[in-house]
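Understanding the architecture of this molecule
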Amino acid sequence: MPRVNVPVTSITRTGIAPATEVNGDATNNHSLANDGNTWVMVRNSGSTVARVLSAVYANQVDGQTVPAKTWSIPTSSTRYIGPFPVRLFGTTLLLDVDNAELKLSAYTLPVST
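In this report, we go over the structure that sits alongside the text. Treat the numbers as computed from the prediction; the structure is a model and nothing was measured. (Residues numbered from 1 in each chain as written. Predicted model: local features only at pLDDT ≥ 70, side-chain atom pairs only at ≥ 80, totals over all residues. Heavy atoms only, no water.)

So, about the sheet that holds strand β9 (residues 69-73). On the basis of which strands lie adjacent, the open sheet formed by 5 strands has the order β1-β4-β11-β6-β9 and mixed pairing. Each edge of the open sheet carries a strand with a single partner, namely β1 (4-5) and β9. Sheet topology note: the β1/strand β4 (residues 30-33) ladder contains 2 bridges and is parallel. Looking at β4, one finds that Val4 is bridged to His30. (Pairing = 2+ DSSP bridges. Helix = DSSP H or I, 4+ residues; strand = E, 2+ residues; numbered from the N terminus.)

Pasting the structure below:
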């Protein structure tokens, strides 16, 4: 199956409501649009163990896959993670979770002109 999409909410000067959380899917994992100003809010809804979120690097180095960047999310805690540079993570960010107790939402800051 394809990865589960995490919608990206754009922050505005007038303010926004919190984005709807997407339940972690440890089987199919997740993807989202990445413009380099994107960040994710990850909430561990569990109360027993820390859970792990991983961001997959888009490129190889000398033909070798680079291990994913990982974060441990403590029990009953929320972490704000990002931004994810496009040159490292690509325009489609791939996120892996180890358990459905992780809840994901994504945001981006529009470029000012």
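Geometrically, a pair of aromatic rings is defined through the distance of the ring centres and the angle of the planes. Counted by the stated rule, this structure contains 5 aromatic pairs. Ring geometry for Trp71 versus Phe84: centroids 6.1 Å apart, planes at 85°, classification edge-to-face. Residue Trp71 is found in strand β9, and its partner Phe84 is found in the loop between β10 (78-81) and α1 (86-89); the two are separated by 13 residues along the sequence. We classify Phe84 as buried; its relative accessible area is 1%. Measuring from ring centre to ring centre gives 5.3 Å for Phe84 and Phe89, while their planes differ by 90°; the resulting arrangement is edge-to-face. For the pair shown, Phe84 and Phe89 are each scored as buried. Ring pairs connect the aromatic residues Tyr57, Trp71, Phe84 and Phe89, which therefore count as one cluster. (Phe/Tyr/Trp six-rings, centres within 6.5 Å; stacked < 30°, edge-to-face > 60°. Buried < 20%, exposed > 50% of the residue type's maximum accessible area, 1.4 Å probe, protein only.)

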